[in-house]
Each structure stands twice: as structure tokens, then as C-alpha cells.
Amino acid sequence: MNSGYASGGPPPMPPTQQQSFGSQQGQTQSGYFKYSQCNGRKKALLIGINYIGQSAALQGCIEDVNRMKRFLLSRGYKEQDMVTLKDDSKHPRERPTRQNILEAMQWLVRDARPNDSLFFHYSGHGGQTKDLDGDEGDGYDEVIYPVDFKTNSHIVDDTMYKIMVSSLPAGCRLTAIFDSCHSGSALDLPYIYSTEGKIKEPNVAMGAAKGLMSTLTSLQRSDVGGVMSGVTGLIKVASGNAQKADQRAKATRSSHADAISWSGCKDSQTSADASIGGRNTGAMSDVRLHASDPVLFLTPLSTMQAFLTALERNPNPSYQQLLVDIRRVLSNKYSQKPQLSSSHPIDTNIQFII
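An account of the accompanying structure is given in this report. The written sequence of each chain sets the order in which its residues are numbered from 1. Reporting in this predicted model follows two pLDDT cut-offs: at least 70 for local features of residues, and 80 or more for side-chain atom pairs to be given and counted; totals over whole chains, interfaces and linings ignore these cut-offs and use all residues. Hydrogens are left out, water is left out, and the side-chain values use all remaining heavy atoms of the structure.

1. Some words on helix α2 (residues 98-109)
Alright, step 1. Only runs of H or I of at least four residues qualify as helices and only runs of E of at least two qualify as strands under DSSP, and these elements are numbered from the N terminus. The span expected for a helix works out to 1.5 Å for each residue beyond the first. Taking 1.5 Å per residue, twelve residues should reach 16 Å; α2 reaches 17 Å between its end C-alpha atoms and fits that length.
Alright, step 2. Within α2 the residues assigned to the buried category are Asn100, Ile101, Leu102, Ala104, Met105, Leu108 and Val109. Relative accessibility decides the category of a residue: with a 1.4 Å probe and only protein chains considered, values under 20% of the type maximum give buried, values over 50% give exposed, and everything between is partly exposed.

2. Quick look at the sheet that holds strand β8 (residues 155-156)
Alright, step 1. The three strands lie next to each other as β6-β7-β8, forming an open sheet whose pairing is antiparallel. The open sheet terminates on both sides in strands that have one partner only, identified here as β6 (126-130) and β8.
Alright, step 2. Pairing of β6 with strand β7 (residues 140-144), which is carried by five bridges, proceeds in the antiparallel orientation. In the strand pairing of β7, Thr129 is matched with Asp141. In short, DSSP must find at least two bridges between two strands for them to pair.

3. Looking at the pattern of salt bridges
Alright, step 1. Any Lys or Arg side-chain nitrogen found within 4 Å of a carboxyl oxygen on Asp or Glu counts as a salt bridge. Within the structure shown, the criterion is met by seven salt bridges.
Alright, step 2. A salt bridge links Glu312 to Arg67; the shortest N-O distance between them is 3.5 Å. In this pair, Glu312 is assigned in helix α8 (residues 303-313) and Arg67 in helix α1 (residues 61-74), connecting sequence segments 245 residues apart.
Alright, step 3. Owing to a relative accessible area of 57%, Glu312 belongs among the exposed residues under this scheme.
Alright, step 4. Between Glu79 and Lys69 there is a salt bridge; the shortest N-O distance is 2.8 Å. Taken together, the residues Glu79 in the loop between α1 and β4 (82-86) and Lys69 in helix α1 connect sequence positions ten residues apart.

Keep in mind these values describe shape, not function.
Here it is, written out as C-alpha cells:
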């Protein structure tokens, strides 16, 4: 999709009429959607977890949420329509436990209507776990970690999609920002965009290269299990599982609603640098949450900070402009590549509004 607009002029507002797009085989919903005009009710859920007192504590997540709250208040959101969960809160209902997060997600989308604008921001640890339903090209679901994950487990992207996206009506906007590792598809939205504004296709060659690198690394470590895993990964890529997973995701995760997500990095990425437990560590550090979860316990530079910096420089960008600007803010020091994804194909030349 490409609406085009005069060079130097403002991007056009989203169209008000119903949009259609090519159907996918086996798709559970018909191929139409509506953009939100974001002139209805505004609600926000903001979650910041520093994991205070835990072995892999973070430092900036709570402040990220405080800053995002100030930004949203300046954009027409009202404090009484926000829920903020932070692990420095003294009130039990305001702590980012697994139960509180799930209940707050349900609150966010309750009674959602066309042209509403719902906003979700998560800043904390992220990771991956084995995919069980075949909609992930790399074989792993993305997860976020509540403050009580050690006793009550993580929250999987399938669950977040089911709660926050699947029930939304056509024309209702959900804007999500994930400041966490492995967050490229943390909301399970199937359309991911390049900086050229085009939908990305599954990269089989890249998947094969990753599998080969994993195999070689395991050989260096004399890790027989890792070698077998790497070889299995190569076989899966060769057999076209990545394309099958992409088709399944589009068939089951497309939506009439107007859901978009900005994430801190690709599913495969962690940060270049992070501070864990008061010490600096690189992206190759191996700090595991549980023996069963092969997850690097790192967090990327705040996508929220890059998001707000980009909007300060250009308050009314197109989707494509904003993605380019966010990446530009981070590009000088960090290799992570923030991602834009959506629940339907979008015209990335129209104006980003919340």
C-alpha cells in the first residue's frame, strides 16, 4: 500500500472507510479492517519492572513508564484512564505480578469501541519459550517476565494476543511498545515492516545461517545436543517451515482491529550492552531464568526513549518515517533493530496517530 504525499508536506491522516486486503488460505477472519481515527476514548496500561532485589535487576524500566505516562498525558490521555504497574509500588494491586498484569490487560480492552485508542507499554525482561502451535518461524514463542515469574511463570505472546487483540472491534486502535529482548513479535502481530515500508517475508537464508552458526558454536563447545539441535534447525528451514509458520500466523492472527506494535529488537536479538545485578554484561552472556528456558536475561536500550525522541523531532510522522527515525536514534551505539508490526497490512505512508 502506498498513498504517497508531497515531499516536505505532512503525511495524510488514516482513511475512514473500510479497507480490504488479500485473503489468506484458512484465514479465520475475512480480509477487511478499519483504521482508527483515535478520536474516541483513550486508555493506557503501563508496566515497568526493575526486578528490585532480584539477581538480574534492571535500572531504567520504572522511569521509562513514568516518562511514558507524562507523554501520554500531553497527548490527551487522562490519569483516571491509566493503569500503571511498577515493582516499587507499595500497593499490592499496583505491583506487576502475573495475575495483576493479566487482569490489567483485560481492563484495557474491556468495552472497546471503534476509534478508541488503547495504549500498552511494557518495560522489563523478555525471552522465548518453545512454540507449541506452529505460528513461529523460529520455533519459539516470545514471552515477558512478571516480577513474580520465578513462582508464577512468564506470559506468552499467544496469551497477550488473545486478550488484547482478538476481542477488539474493527476500527479500534491498540498501540503497544515492548522494551524487552526477543520482542520483535511479542504481540504476535503477523505483518512486520522494513524501513522501506514493505511487509517482510520469511528469510529462509538468514534462518539457515543462524542454524549453521548455532551448530558450529556447539561443535566448539563439544555440545552434542546443541549440534543435533542446530542440524534439526537447518532441516526445518530447508523444508519450508518458516513459510508455513508465516502463513499460519497471517491466517490466525490477522484482525479487523487496528493493532500495531513497536518492539525493541528482533525476536532473535538481545541488547549489545546491559547492566545485570550491578555489573555490565555483553549480549553473549548466558544468564538463564530457568533451566528449561534458554533465554539471555538482558534488556535493550529503551525503545520508548527512542520513540519519544523521534516524536519530539517530528510530532506528526508517517509510520515509515517513525520507524526510520527510531532506528536512527539507536543506530550509532546499538546493533538492535526496533520492529514495527501490525494485525493487518498498513499503508506506512499515512500519519501515525495515537
